[in-house]
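In case you want the letters, here they are:
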Amino acid sequence: MSENAAIKILICQGTGGVSMGAKEVEAEFNRVIAEKGVDAVVGKRCDVIKTGCRGLCANDVLVDIITEENGRVTYDFVKPEEVENIINEHIVNKTVLEKRKAKPYYNTFVDQQLRIVMTGCGQINPESLDAYLEEDGFKAVQKCVKEMSPAGVIDEVKKSGLRGRGGGGFPTGMKWSFCAGSPGELKYVICNADEGDPGAFMDRSVLEGDPYCVIEGMMIAGYAIGAVAGYVYVRAEYPLAIERLQMALDVCYEKGYLGKNVMGLGFDFDLRIKKGAGAFVCGEETALMASIEGERGMPRPRPPFPAVKGLWGKPSNINNVETFANVRHIILRGAEWYASLGTETTKGTKIFAVTGKVKHTGLVEVPAGMTVSDVIYKVCGGIANNRKFKAVQAGGPSGGCIPAEILDTPVDYDSLIKAGAMMGSGGLVVMDETTCMVDVARFFLTFTRDESCGKCVPCRIGLKAMLDVLERITTGQGVPSDIDTLLDMGNTIKKASLCGLGQTAPNPILSTIKYFRHEYEAHINEKRCPSNCCKELLLWQVVEEKCVKCGACFKACPVDAIRWEKGQIAFLDQEKCTKCKSCYDACRFMAIE
Amino acid sequence: MVTLTIDDKQVTASKNATIYEAAKAAGIQIPVICHDKKLNPFGGCRMCLVEVEQMKGRQIPACTTPVTEGMIVRTTTDEIIKARKMVLELLLLKHPIDCPVCDAAGDCDLQNLTYEYKVNTNRFQDEKFNWKIDYENPLIERDMNRCVHCGKCARICDEIVSYGAYSFINRGINAKIGTEYDGPLNCEFCGSCVSVCPVGALVSRPFKFKARWWAMNKVKTVCGYCGTGCQLTLGVKDSKVLTTIYDENQGFHNGQLCTRGRWGYQFINSDKRITTPLVKKNGSLQPATWEEALNVVSAKLKEAKSTPDSLAALVSPRLTNEELLLTRKLFKDLLGCDNVDHSAGYAHTALTSGAKESLGYPASPSVVADVQKSDLLLVINADLYQTHPVLGFEINLAVKRQGSAIQIVSDKKGKLSKLPEAKTSIYKPGAELLVINAIAKVILDENLLDSSAQSTGGFSAWQKGLESLSVDQAADQCGIAADEIKAIARNYAKAEKALILLPTGMGYPGHGKELAQAVINLALLTGKVGKEGSGVLILGEKNNSQGAADLSIHPTSGGKSALDIIAGCVSGSIKTLYVAGENPVVSYPNRKLVETALEKVEFLVVQDLFLTPTAAMADVVLPACSFAEKDGTFTSALGAVQRVNRAINPVGESRSDFRILNDLYNAVSGQPAFTDVKAAFQELSGTVAGYAGLSYDTLGDEGSVRPVSGTATFVPVAAAAPATESGKLALVTGSALNHSGTLSVYGEGPMLVCPEAYVELNREDAKSLSISDGDQVAIKSSTGELRLKAKVGSRLPKGVVFAPYHFADASINTVTAGSAVTFVTIGK
């Protein structure tokens, strides 16, 4: 970007944006600008810039237009066919298309956040080294090498209070110091980008939106630890992240930001990508390292810890994408600044992927310590479809759920653990009154059962046994002792399993029993699903008093089990009904039950 | 050392010990399923969970967690018992309860632990797996429905055997141990996986439904195949050897065996065994009584006493030390005949002449423990893995676990070439002496020699002998680039600890003595003899080859060597030939010549287990016993003197070689040589160097490594450029992995995997000759012609073909005549 390019058109091109047609929108902007000679017309250059994700993926394609006259204006749901109109009105005529502007909630969504890790995401072109350099790119690593000793860097990270963003929350500086203190010539820095939790996509967005900041974070770690080589372990399901990261690595090698004697600083650092083959367990650090080595991704016993004997038996330090992305900000702005954010025990910000029954799903970066309630209601606009909030599942399949009663739990590591959930990588799945908590537990357990590597007995067979019990309950075959069996098993599996997967897999069950035991009891004792979710327990019917005769259920029914005519109350034919629940989900008036 | 508390007991353990090991040493047994002391920690079964005061809130796997100072461990809290019971409950949820028909019953960790923890109910119900059972290989039944996922099979196959036949596949509850593409198992069939399987998921097919584990006697003994000297436990019932049983506490190899050791036992109770003496009457062998047979033989021996030069004996190094001593006493001392030899003569000269002259004793200066302590293993001939497979496991461990470098110098690649960062330098067949001398020359030229070398005897004469050697020229002649030779020399000389391994055997004619001397020169030059993790291992081929060398079962005062004896039979100077356990027709060079010799010799006695092609030509056949039917000792190639224990009664009327020879001694002299085996050992310990102080009774199950001592000296070894014949392929012979000598062909197991003779050739050669894998081809030399099955692969360099020597039908000595390389043509 040159300075006289006053007009910037930022088009969100994360995976969400691209899948909503951002490439076509970008092409259309370029075409119209070129064909109409817009640059000449307005007397300024128009830069069409692709950017990473800015969070509100639900509203893609998001286009920001920055002009002198109108400042920054965001349009959402942009389609290629309206591009010409936007250019004519906004850029040429300098009139904001008020009707097409993103609704106020978009600004609320953005303003309530504190973006540090994601500063670059959505602002700069992730494919441009120059754009990154303009944002003080690689200044942090230069500062480290020129002005700080490796021990000094570690101290700075320690002082900042940064904790691992992968979920465990281990103090990053401490982790680095362990690896730095391990004897050995050859050490490795590994970035864990095997983000596998259902509904979590913050690491993907960071890699897609600002790959250079992760590279810089790893270089700083490499310098601090004494590692000359690193790996980024990215799951192959993230093609765009891999593409952009690879592009960034190639440019870095070409321009001397990686390789021998980087930036003339007199230190060497090599970095390469290892694509994961889609196993959830490879997010576990020892399994991840086994996978890099070409072995089957199965966790290894610890000790020896990776800091002592990690990848290929060498001391290795492994951090998550978001952790590395924090590092350069700590170095540039100082540990004290960073430590001033957040709570006593959790510093800085945390990115959450908020999904589920919430109005505005997407990525939000908030200072640690904001309450769960604020994240859901203030940032994300509350529950969709006027339904009642029931719980939020934090930390994915390893986490637990937080019910309405303790919704004021602050989002920091320790409070979430206390609440029976965990920070995890930062997935928040919001559930409303139509979600059955037994079914939620069943869902997550199905996931972990399938993703267990099969190495240790409690996880491999134990989860299957627990799932069988849950399935029994959700199909009305449960017996009263099942709850105790689940609790007993869950607690034993947690203690006895080999790795984090098995040690946390019972959490969704244990926390749902803790907060929603009554739902379990209803399934077992009354053979009833209070949330009308477990289809074997349901007999669907139309509640005539509530029916507004809209016909939504009729349209949704895939087997013609609902009879409806305009202005008539719908009728559900039990004979034909397959209990698929489509009508229930379609009805916005709770008139089907 | 670290002090900790386990179950209120103060325990001291090495700082590298795990909680499990520390507890075990203190007499506290922690249950395990997936743990194996030979393998890297795994931590999968979760049976060994314990509580550690300092790590509250978690249950700690004892088998993977190292001890730390002051640790307070509890192994049997209520919580722990509960967790272990849960593990068993979960395993039994999926594991079929088919113990009544499972061969592991009685020896099953899951069964035993279930009993111990009294798990007689299960809170859960589930269907069992329905994996297809793999019956598609002859030796190992794989029933993955019974698998408990301890991973031991995959781990041992990878970590120790270095084959990698198994891996975990699939995820979650569907995870299982799979093979390549989940197809039928097709590996080298060492059976290590079967031995470590804690349940009945992997069982021996030949043993299936033969006996319950608890109904068998378990007899500890020593393997009767190669010179490695693996200890063995035989499973015996009703005086039959039914299987080999794994005992992880046996031997340096922790009970692990190779394919022939594990599966080759069936020859013992083979129905092909000769059960009565046979005497030739009217041109054919007829059953006879022992009295009759011994009378005929002893009469001939008495007759020969006056003309001892017309008598000769060929004795197998499979016999025990005591039997070999008896042979020596009978033929050399009593009958005055020095025409006694074994292993075709050439197969023992590396030890009996080479090492003897260079070191002062006919044995290796190093022991097995040196392998894993070495920084560099220099393997001469990649076939070491075939000749001594369990030593191959030690090499695998040295390279993969201890980080030792490995350099192979060979005429072909082998399995060892596939080890991580293994370097293989291929020389032209027959060029080995030249390569070794060239390496020595580089060390001299670059002044990399050890300070001790010049003061060692014979140095200057030897150095002088190498003066004219040009490394560049040698490189040209041997086929290894000069730079590569130089690199080998530098790496070897500079390695703090380097061990040379040299396999020998009847399949490897040529430079036995010279090659041993050349490598010993190399070791002396660099000061590597007499140092831990260094030196030379010259590996005798058979189970007691080293004993035969120690006891000098070869001509010692001008008598005829094996090949001269054969020639003497042809020429008529040898009139009576006594063959004990040897099978010259199949294993000595030039089959036709040997057959002529045995036809011509006036009187031929063969003492053997089987009616081998050699025995079939005899005048008298005396049925001998296998190692399982007798007591005595074997001395391994690694210097261990070990007890062989009688497991079953002699098959039929067969008698041990000891008894036969003793009876003959008695018949000739009027009194037996020894009262029993023990007395023979006693004499042996008094007369054989290194055996002094050993006592038959105190050898125990472990055996004892006998010491060696002598004065080392450099011996000049002349090396010529290898011969070539244009337009012909160079045939080299050797051992096949599944076989040992000509004995294993009577074992069912080896024959199921490797049933017939073959010739192995390179893909390119095969292509240019239009030969495909499995084709029958004609192989022709100046000695003879033979049809063999072709095996096409990438192990051999272009222009070289290989054939194993074990098979009586189509034996390769039909085309070979005892030189290192035989030039042949091959066609369809």
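What you see is a predicted model; the values in this text were computed from it and never measured.

## Quick word on the overall build of chain A
The secondary structure content of chain A amounts to 24 helices and 15 strands. The C-alpha radius of gyration computed for chain A amounts to 26 Å, which stays within 12% of the reference 25 Å derived for 593 residues, consistent with globular compactness. Here chain A holds 593 residues, and 61% of them are scored as buried. When contacts within chain A are restricted to residue pairs at least 6 apart in sequence, those whose partners lie at least 24 apart make up 71%. With the model as given, the accessible surface of chain A reaches about 22100 Å², and the carbon-plus-sulfur share is 51%. Of note, chain A has its 71 positive side-chain charges centred 3 Å away from the centre of its 75 negative side-chain charges.

## Observations regarding the domain arrangement of chain B
If you check the domain split of chain B, you get domain 1 (2-76), domain 2 (125-267), domain 3 (281-345 + 549-705), domain 4 (349-539) and domain 5 (729-827). Centre-to-centre separation of domain 1 of chain B and domain 5 of chain B, based on C-alpha positions: 52 Å.

## A few points about the interface of chain B and chain A
Contact residues are listed per partner, giving 35 residues for chain B and 34 residues for chain A. Interface area, chain B with chain A, both sides summed: about 2900 Å², of which 60% is carbon and sulfur. At the surface where chain B touches chain A, the tally comes to five salt bridges. Note that A:D488 is salt-bridged to B:R123, the shortest N-O span being 2.8 Å. Counting across the interface, chain B meets chain A through 16 residue pairs in polar contact (both at pLDDT 80 or more). Mapped by element, the contributors of at least two residues to the side of chain B that touches chain A are α2 (78-94) and β7 (167-169) of chain B. Counting residues per element, the side of chain B that touches chain A draws most heavily on α2(B), at nine residues.

## Comments concerning the nonpolar core
With 166 residues, the main nonpolar core has B:I395, B:I406, B:L501, B:L577 and B:Y578 as its most contacted residues. Looking at this core element by element, the count peaks at seven residues for helix α11 (residues 389-400) of chain B. The next biggest cluster of nonpolar side chains, apart from the first, holds 112 residues, and it includes A:C282, A:M289, A:L467 and B:V87.

## Quick notes on the pattern of salt bridges
Applying the stated criterion across every chain, the model contains 78 salt bridges over all chains. Between A:R302 and A:E285 there is a salt bridge whose closest N-O contact spans 2.8 Å. Here A:R302, found in the loop between α13 (285-292) and β8 (316-320), pairs with A:E285, found in helix α13; they are 17 residues apart in sequence, far enough to count as distant. Judged by its relative accessible area of 32%, A:R302 is partly exposed. Looking at A:E285, the relative accessible area reads 16%, which means it is buried. Salt bridges linked by common partners bring B:D383, B:D411, B:K412, B:E760 and B:R795 together as one network.

## Looking at a negative patch on the surface
A cluster of like negative charges, contributed by B:D472, B:D476, B:D483 and B:E484, occupies part of the molecular surface. For the negative patch, the elements supplying multiple residues, two or more each, are α14 (471-478) and α15 (482-494) of chain B.

## Points about the sheet that holds strand β13 (residues 427-432) of chain A
Residue and element names in this part refer to chain A. Taking strand neighbours across the sheet as the criterion, the five strands line up as β10-β9-β13-β11-β12 in an open arrangement whose pairing is mixed. A single partner strand is all that each edge strand has here, and the edge strands are β10 (362-367) and β12 (400-403). Sheet twist, expressed as the mean angle between neighbouring strand axes with direction ignored, is 30 degrees. Looking at chain direction, strand β11 (residues 389-394) and β13 are connected through five bridges and run antiparallel. Pairing of Q393 across the sheet is with V429, part of β13.

## Overview of unusual backbone geometry
Residue and element names in this part refer to chain A. Residues D60 and V61 are joined by a peptide bond in cis, for which omega reads 5 degrees. Residue placement: V61 occurs in the loop between β2 (46-51) and β3 (63-67). Following R302, the chain continues into P303 via a peptide bond in cis, with omega recorded as -5 degrees.

## Remarks on the pairing of strand β17 (residues 376-380) of chain B
Residue and element names in this part refer to chain B. Burial analysis of β17 places five of its five residues in the buried class, which makes it a mostly covered element. Both faces of β17 are covered, namely the face carrying L376, L378 and I380 and the face carrying L377 and V379. Of the strand pairs in this sheet, β17 and strand β18 (residues 405-410) are connected by five bridges, and their pairing is parallel. If you follow L376 over to β18, its bridge partner there is A405.

## What about the sheet that holds β18(B)?
Residue and element names in this part refer to chain B. Strand order in the open sheet made by the five strands is β19-β18-β17-β20-β21, with parallel pairing throughout. Of all the strands in the sheet, the pair left with one neighbour each is β19 (423-426) and β21 (535-539). When strand polarity is set aside, the average angle formed by the axes of neighbouring strands in this sheet is 15 degrees. By the bridge criterion, four bridges tie β17 to strand β20 (residues 498-503) in an arrangement that is parallel. The residue bridging L376 from the neighbouring strand is A498, located in β20. Strands in contact with α11 are β17, β18, β20 and β21; relative to β17, the strand with the most contacts, it is inclined by about 145 degrees.

Reading the values: rules and limits
Counting starts from 1 at the beginning of each chain's written sequence and moves along it residue by residue. Whichever chain is written first is A, and whichever ligand is written first is 1; the rest continue in order. Reporting of local features is limited, given that this is a predicted model, to residues whose pLDDT is at least 70; pairs of side-chain atoms are given and counted only at 80 or more, and all residues count toward the totals for whole chains, interfaces and linings. In computing side-chain values, all of the structure's heavy atoms are included and hydrogens and water are not. Helix and strand assignments come from DSSP, with helices taken as H or I runs of at least 4 residues and strands as E runs of at least 2, each series counted from the N terminus. The globule rule is 2.2 Å times the number of residues to the power 0.38, and the radius of gyration it is compared with is taken over C-alpha atoms. We call a residue buried when its accessible area falls under 20% of the maximum for its residue type, exposed when it is over 50%, and partly exposed in between, using a 1.4 Å probe and counting protein chains only. Note on definitions: a residue-residue contact is assigned when non-hydrogen atoms from the two residues lie within 4.5 Å. The accessible surface values rely on the Shrake-Rupley method and a 1.4 Å probe; as for residues, cover is taken only from the protein chains in view. Under this rule, positive means Lys or Arg and negative means Asp or Glu; His and the chain ends count for nothing. All charge positions are set by atom: Lys at NZ, Arg at CZ, Asp at CG, Glu at CD. Reported domain spans reflect what an automatic or database domain assignment gives. The quantity reported as buried area is the accessible area (1.4 Å probe) lost by two parts once they are put together, taken as the sum for both. Salt bridge, as used here: a side-chain nitrogen of Lys or Arg that lies within 4 Å of a carboxyl oxygen of Asp or Glu. Pairing of N or O atoms within 3.5 Å defines a polar contact, subject to two protein rules: one partner must be a possible hydrogen donor and the other a possible acceptor, and residues neighboring in sequence count only if both atoms are side-chain atoms. We call a set of buried residues a nonpolar core when its members are Ala, Val, Leu, Ile, Met, Phe, Trp, Tyr or Cys and they connect through side-chain atoms within 4.5 Å of each other. The patches described consist of residues with a relative accessible area above 30% and no salt bridge, like charges being joined within 9 Å and nonpolar side chains (Val, Leu, Ile, Met, Phe, Trp, Tyr) within 5 Å. At least two bridges found by DSSP between two strands are what make those strands a pair. In this description, a line fitted to the C-alpha atoms serves as the axis of each element, helices being fitted only across the stretch in contact, and the angle between N-to-C directions of two axes falls anywhere from 0 to 180 degrees.

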